[in-house]
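Overview (structure and organization)
Chain by chain, the residues run as shown.
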Amino acid sequence: MNTMLLFVSAGQVNAFSSNARVGSRCGYRRVRPEVVAMAKGRDKLPEEGLVRPLINWYPGHIAKAEKKLKEMLSVVDVVIEMRDCRIPRSTAHPLVEKWVGVKPRVVAMNRSDMAPEKAKVMWKRHLADNGLNVFFTNAQKGEGVPQLRRAALQAGAAMNEKRKKRGLLPRPVRCMVLGYPNVGKSALINRLVNKRAAKSENRPGVTRGLQWVRISKDIELLDTPGIIPMKLVSQLTASRLAVCDDIGEASYDNQLVAAFLAEELRSVSTRINGFVDMERIEVSWMFSTT
C-alpha cells in the first residue's frame, strides 16, 4: 500500500507554530532543501550542508527493554501491537513479525479519532489482506477497547484448548502490548483495568520497564516500554514519528520537523482528497504553503 497517511490535529500545528515559528513569519518558502527532499519520498538526505541527521534516536534503556521483550515473548499467548492511526506504516516496527512468529497478533490502531474515515477504511482493508486482525481505538476515551479485549481472548482461546486436552486447568490468557513510544499502550491497559494500573502520560518514554497487569480472571497484560528500531529506518519515517510526538523531542530539530510538517500537509492535501483540509489550516494558523 503506497498511500501515506498523515493526519495531525490543530493542537499539533499550534505546537509547532509556537516552538518552531512556522506560520506567516516562516512559511513554506523557507523550508530547507533536505526537508523538501524527504517530503517528496526521498529517504536519503543530501550530505552537503548537513551537520547531523535530522532525527537521532535510540536511548540506551530501549536497547535493554528490547532484549527483555524478546525473552518474554516466549511466555505470552497473544500480542497486541499498537500503532498510531495517523501514521500506521511509520509506527509498524520492522521486526515485530519476526519476533512474534506464529503467535496470534492483533493490531490496535490508536488515536483513531484523529484520522479520517476514508483512511481507516483503506488501512483496515490493506492490513486484513495481509492476514491481520485490526481494531480502531481511542484509548483515552475507551472507544474500541471492549472489542479489542474480546479479540485478544478469542485469539488466546486455542491455548486453553490445548491445556484442556492435556488435562490441565485453564489459565488467564497472557497478552503482550507492544509498540512505539507514546502510541497509547499504558492508556489502553488503564482502560481495560478501569483504573490507573500503568503510568500514562502524553509524552514518549514514560514506561521504562516491563510490568504485568491482571485485567480479570481471564486475561493478563504485559505492558512494555516503547520500542523503536535499533537502527534508524529512514529520515522520512523518523520525521513522521516526530510530527506525531511518537519519539522524544530531544531526538530532533523542531524547526526542521515543523517545516517538514508544512510540506507533508500540502503534499497529502494535493494527492489524496479528503485527508487534509488545507484551507482550514491555513486560515486558522496563518499558515501558508504557496
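Each chain carries its own residue numbering, running from 1 in the written order of its sequence. A pLDDT threshold of at least 70 governs which residues receive local features in this predicted model, and a stricter bar of 80 or more applies before side-chain atom pairs are shown or counted, although totals over entire chains, interfaces and linings include all residues. The side-chain numbers reported here are obtained from all heavy atoms of the structure, hydrogens and water having been left aside.

1. Let's talk about the overall build of the chain
Operational definition: Secondary structure elements follow DSSP: runs of H or I no shorter than four residues count as helices, runs of E no shorter than two count as strands, and numbering proceeds from the N terminus. Only protein chains enter the area calculation, which uses a 1.4 Å probe; residues under 20% of their type maximum are buried, those over 50% are exposed, and those in between are partly exposed. Whether two residues are in contact is decided by their heavy atoms, any of which lying within 4.5 Å being enough.
A count of helices and strands for the chain gives 10 helices and 6 strands. Counting across all 290 residues of the chain, residues that qualify as buried make up 52%. Contacts in the chain between residues far apart in sequence, at least 24 positions, make up 74% of those at least 6 positions apart.

2. Side note on the confidence of the model for the chain
Filter applied, for reference: Per-residue confidence from the predictor is reported as pLDDT, a score between 0 and 100.
On average, residues of the chain carry a pLDDT of 75, and 72% of them reach 70 or more. Per-residue pLDDT stays below 50 along residues 1-31; that stretch engages in 79 contacts with residues further than four places along the chain or on separate chains. Contacts from residues 41-53, a stretch scored under 50 in pLDDT, to residues over four places away or in other chains number 13 contacts.

3. Considering helix 7 (residues 185-193)
Within helix 7, 8 of the 9 residues are buried, leaving the element largely enclosed by the surrounding structure. Those residues of helix 7 that fall on the buried side of the exposure criterion are Lys 185, Ser 186, Ala 187, Leu 188, Ile 189, Asn 190, Leu 192 and Val 193. Once helix 7 ends, the next one or two residues include Asn 194, with phi positive near 65°.

4. Description of the pairing of strand 2 (residues 105-110)
Using the following cut-off: A pair of strands is labelled paired if DSSP reports no fewer than 2 bridges between them. If you view a crossover with the strands going away from you and the path from the first strand over the helix to the second runs clockwise, you call it right-handed.
In terms of burial, strand 2 is a largely internal element, 6 of the 6 residues being buried. Residues of strand 2 alternate between two faces, with Arg 105, Val 107 and Met 109 on one and Val 106, Ala 108 and Asn 110 on the opposite face, all of them buried. Looking at chain direction, strand 1 (residues 78-84) and strand 2 are connected through 6 bridges and run parallel. The residue of strand 2 that forms the bridge with Met 82 is Ala 108. Note that strand 2 and strand 3 (residues 133-137) share 5 bridges and pair parallel. Within strand 3, the position partnered with Val 107 by the bridge is Val 134. This β-α-β element, strand 2 to helix 5 (residues 117-129) to strand 3, shows right-handed connectivity.

5. Description of the environment of Gly 144
Secondary-structure assignment places Gly 144 in the loop between strand 3 and helix 6 (145-165). Those residues within four positions of Gly 144 in sequence are excluded, and the remaining contacts are Phe 136 and Thr 137.

6. Observations regarding the sheet that holds strand 6 (residues 219-223)
Rule in force here: Axes, fitted as lines to C-alpha atoms, cover a helix only where it is in contact. Angles between the N-to-C directions of the axes lie from 0 to 180 degrees.
Here we have 6 strands laid out as an open sheet, ordered 3-2-1-4-6-5, and mixed in their pairing. The open sheet is flanked by strand 3 and strand 5 (211-214), the only strands paired with a single partner. In this sheet, neighbouring strand axes are inclined to one another by 25° on average, regardless of whether the strands run parallel or antiparallel.

7. Some thoughts on the packing of aromatic side chains
Each aromatic ring pair is described using two quantities: the centre-to-centre distance and the angle formed by the ring planes. The condition is simple: Ring pairs shown here join Phe, Tyr and Trp side chains whose ring centres sit within 6.5 Å, with only the six-membered ring taken for Trp; geometry is labelled stacked below 30 degrees between planes, edge-to-face above 60, and tilted in between. For a Lys NZ or an Arg CZ to count as sitting over a ring, it must be within 6 Å of the ring centre and within 35 degrees of the ring normal.
In this structure the tally under the stated criterion is 0 aromatic pairs. Between the NZ or CZ atom of Lys 120 and the centre of the ring of Phe 136, over which it lies, the distance is 6.0 Å. The positively charged end of Lys 124 is found above the aromatic ring belonging to Phe 135, 6.0 Å away from the centroid.

8. A few points about the nonpolar core
Just so we agree on the cut-off: We call a set of buried Ala, Val, Leu, Ile, Met, Phe, Trp, Tyr and Cys residues a nonpolar core when their side-chain atoms join them within 4.5 Å.
Core analysis: the largest hydrophobic core is formed by 48 residues, its most contacted members being Ile 80, Cys 175, Leu 188 and Leu 221. When residues no more than four places from it in sequence are discounted, the contact partners of Leu 221 are Ile 80, Cys 175, Val 177, Ile 189, Leu 192, Gln 211, Trp 212, Val 213 and Ile 215. By size, the runner-up hydrophobic cluster in this structure holds 13 residues, among which are Val 76, Val 79, Val 96 and Leu 178.

9. Looking at the environment of His 93
Here is the rule: Any pair of nitrogen or oxygen atoms within 3.5 Å is treated as a polar contact; in protein, a donor-acceptor pairing is required on top of that, and neighbouring residues in sequence qualify only through side-chain atoms on both sides.
Relative to the elements of secondary structure, His 93 occurs in the loop between strand 1 and helix 4 (96-100). When its relative accessible area of 8% is taken as the criterion, His 93 is described as buried. Distance from His 93 to Ile 227, taken between C-alpha atoms, is 7.9 Å for residues 134 residues apart in sequence. In this structure His 93 touches Glu 81, Trp 99, Tyr 180, Ile 227, Ile 228 and Pro 229, once residues within four positions along its chain are discounted. One polar contact links the side chain of His 93 to the main-chain amide nitrogen of Leu 95, over a distance of 3.0 Å.

10. Here we look at unusual backbone geometry
Here the phi dihedral of Arg 111 falls at roughly 60°; this positive angle occurs in a residue that is not glycine. The topology assignment puts Arg 111 in the loop between strand 2 and helix 5. According to the relative accessible area criterion, Arg 111 is buried, its value standing at 13%. Of note, Asp 245 is a non-glycine position whose phi angle comes to about 60°, a positive value. Here Asp 245 is to be found in the loop between helix 8 (235-243) and helix 9 (254-271).

11. Here's the deal with the pattern of salt bridges
Here is the rule we go by: By salt bridge we mean one thing: a side-chain nitrogen of Lys or Arg within 4 Å of a carboxyl oxygen of Asp or Glu.
A full pass over the atoms with the stated rule returns 12 salt bridges. For the salt bridge of Glu 117 with Lys 120, the shortest nitrogen-to-oxygen distance reads 2.8 Å. Taken as a pair, Glu 117 and Lys 120 lie in helix 5 at a separation of 3 residues, close to a single helical turn. Given a relative accessible area of 54%, Glu 117 falls into the exposed group. Here the salt bridges do not stand alone but share partners, grouping Asp 84, Arg 86, Arg 111 and Asp 246 into one network.

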